[in-house]
Amino acid sequence: MADAYNRVRYIGFPMAQTHPDRLAVIARLFGLAASPPGECRVLELGCADGGNIIPMALALPRSRFTGFDSAAQAVAQGRALVAALGLNNITLLERDLMEAGAELGEFDYIIAHGVYSWVPEEARERLLQICRDNLAPQGVAYVSYNALPGFHRREMFRQMLLFHLAGVEDPADRVRQAIAFIESLGQSAPSPLARALFAEELQHLTQSHWWYVYHDDLEPVNYAPYFHEFLAQARAHGLQYLGEAHFPEIESGLYNKPAVEKLRQWAQGDALRTEQYIDFVRGRLFRQTLLCRAEVALWPSPHPDPLTAMYFASAVSPVSPAPDLSPGVWEEFRAPHGAPLRSDDPQVKTALARLHAVWPQFMPFAELLAQAGGEPALLADFLLHTYGAELVEVSVRPDPFPLRPGERPVASPLARLQAKDGTLVTTLRHAQVDLADHIDRCLVQWLDGTRDRPALAAALHAFLESNPVAGAQPVTPESLEMRLDRLARQALLVA
Ligand SMILES: C[S@@+](CC[C@H](N)C(=O)[O-])C[C@H]1O[C@@H](n2cnc3c(N)ncnc32)[C@H](O)[C@@H]1O
């Protein structure tokens, strides 16, 4: 297994759904006293090259991070990046799950993304045992895994591919032949249903990175339990279900009320059995489950109260250019994800209008309440609902990055390094942005705090003279400011 990962590198990247801030929000909504992300201890199992955990360590300098993986080369690459960034709050270890344990210490957050389904049974048991033994009393563990019934579809093709590719050793060849095989079978399939299934699989294979297909689809081990089976395994290790890392999935906002009622009847009112029925109806194939220690007393459903101590941001826009915020007038708000929201309630409309005005800045609950007016409990209820509908983002801490570029702007050192090699860079919000604009990409590399605006304008000007960019506008103070603002709004500046 480690050999495969040494042979073909698995390229890590930041996964917002594993960030301690995300985990803290959800855990606190269920009554857990989750540690503040700014001062916590995080363990990542199977961290590969540290593409997820290193940006966390950079952005949370007072927290401590440990990552381990059995693939020596990935760990060495991660360590080289840690050294280049000069981080001293992160340790990356070359270690097998089977040899990891108490010596690692106690953690507030434990992350295992893309590991559980791809390791043999004894390693899966060990993974859950670490999630129990090394988790702080109020800690949160994140474990992702392929799930049934949806994974049956993938598994059907996987078995065909493993049969067809027996004896093909070269990794790139395996992936090439896998795609050609599925494409060709799909063309010969006699029924429309079979053709649709082949087309779905082909889309999955061709839209994924080749190294991802090599590992995730073509490795010999790929275990997918039903949700109830996973829970039974977690329980056997002294862990209980907390929720999913994607909060809207907890809220079941995706299903109409009568359908959910029917599922609840089948589940005899049991929330966890309802979850299982929801997987049946959705044909779910992947879960990102949060666990905590079995003895913690959790609230049965998310409670709005903890939101009164949190922070909110929203990419919603009012449909009307000048929404009327007075009572009884209906206005519509839209966000990049989620359904549109219509309201005639002044508190709701003002809250959304204020969040729109300051986006992408986070606003504390107290300030939002001061502006929107009304009852705190109603605002908290509304925010819980809109978090579940993907209309607002929630954080347990104030903005981690400045939205105004400083006098001598500084870009995240990780983004500066990444911009040298490519266009994908990691933001301070633990996501990736594509700096497709060549000039922005150069600018990021120069933002090391040594240049003020005239120096930056001169550097850009000199660069454009020697490397003309088609269609590039001349550098003016306004155009430079616009670029700096854009980088700040993309959460790429630390000062
Ligand atoms: C599918 S990759 C996921 C990597 C990373 N967590 C991510 O999601 O980007 C699985 C990782 O688990 C590691 N791994 C597999 N078996 C392991 C074991 N027994 N002990 C430690 N790491 C293991 C592999 O080396 C690989 O880096």
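About the thresholds
- Residues numbered from 1 in each chain as written.
- Predicted model: local features only at pLDDT ≥ 70, side-chain atom pairs only at ≥ 80, totals over all residues.
- Pairing = 2+ DSSP bridges.
- Helix = DSSP H or I, 4+ residues; strand = E, 2+ residues; numbered from the N terminus.
- Contact = placed C-beta atoms within 7 Å.
- Near = placed C-beta within 6 Å.
- Nonpolar A, V, L, I, M, F, W, Y, C, P; charged D, E, K, R; others polar.
- Domains from an automatic or database assignment.
- Buried ≥ 20, exposed ≤ 12 C-beta atoms within 10 Å, placed from the backbone.
- Right-handed = clockwise from strand over helix to strand, strands pointing away.

A. Seen up close, the sheet that holds strand E12 (residues 363-364). Across the sheet, 3 strands lie side by side as E12-E8-E13; this open sheet has antiparallel pairing. Bordering the open sheet on either side are E12 and strand E13 (393-395), each of which pairs with just one other strand. Here 3 bridges tie strand E8 (residues 311-313) to E13, and the two strands are oriented antiparallel to one another. When the sheet's bridge partners are listed, Tyr311 is paired in E13 with Ser395.

B. Inspection of the sheet that holds strand E9 (residues 317-318) at higher detail. Spatially, E9-E10-E11 is the arrangement adopted by the 3 strands of the open sheet, whose pairing is antiparallel. Two strands close off the open sheet at either side, each with one partner strand: E9 and strand E11 (341-343). Bridge count between strand E10 (residues 331-334) and E11: 3 bridges; the pairing is antiparallel. The residue of E11 that forms the bridge with Glu331 is Ser343.

C. Highlighting the environment of Ala27. By the secondary structure assignment, Ala27 is in helix H2 (residues 20-29). As for Ala27 and Ala457, which are separated by 430 residues in sequence, their C-alpha atoms are 46 Å apart. Not counting chain neighbours up to four residues away, the residues in contact with Ala27 comprise Leu32, Ala34, Val140 and Leu242.

D. Here's a closer look at the site of the ligand. Around the ligand, the structure places 23 residues, and the nearest of them are Tyr5, Gly46, Ala48, Ala71 and Gly114. At the level of secondary structure, the elements contributing two or more residues to the shell around the ligand comprise helix H1 (2-7) and helix H9 (210-217). For the shell around the ligand, the residue count by class is 13 nonpolar, 7 polar and 3 charged.

E. Structural view of the domain arrangement of the protein. Under the domain assignment, the protein is made up of domain 1 (2-148 + 224-293), domain 2 (151-217), domain 3 (305-395) and domain 4 (413-489). One C-alpha centre belongs to domain 1, the other to domain 3, and the line joining them spans 30 Å. Contact with domain 1, which involves 8 residues of that partner, is made by 8 residues of domain 3. Listed by contribution, the elements that provide at least two residues to the side of domain 1 that touches domain 3 are H2 and helix H11 (247-251).

F. A look at the pairing of strand E2 (residues 64-69). Counted residue by residue, E2 has 5 buried out of 6 residues, so it is predominantly covered. Two strands pair when backbone bridges link them, and strand E1 (residues 41-45) and E2 are joined in this way by 5 bridges, in the parallel orientation. Among the inter-strand pairings, Glu44 is bridged to a residue of E2, identified as Gly67. Note on the crossover from E1 through helix H3 (residues 53-59) to E2: the handedness is right-handed. Bridge count for E2 against strand E3 (residues 90-94) is 5 bridges, and the pairing is parallel. Residue pairing in the sheet places Phe65 in a bridge with Ile90 of E3. Read from E2 through helix H4 (residues 72-85) to E3, the crossover connection turns out right-handed.

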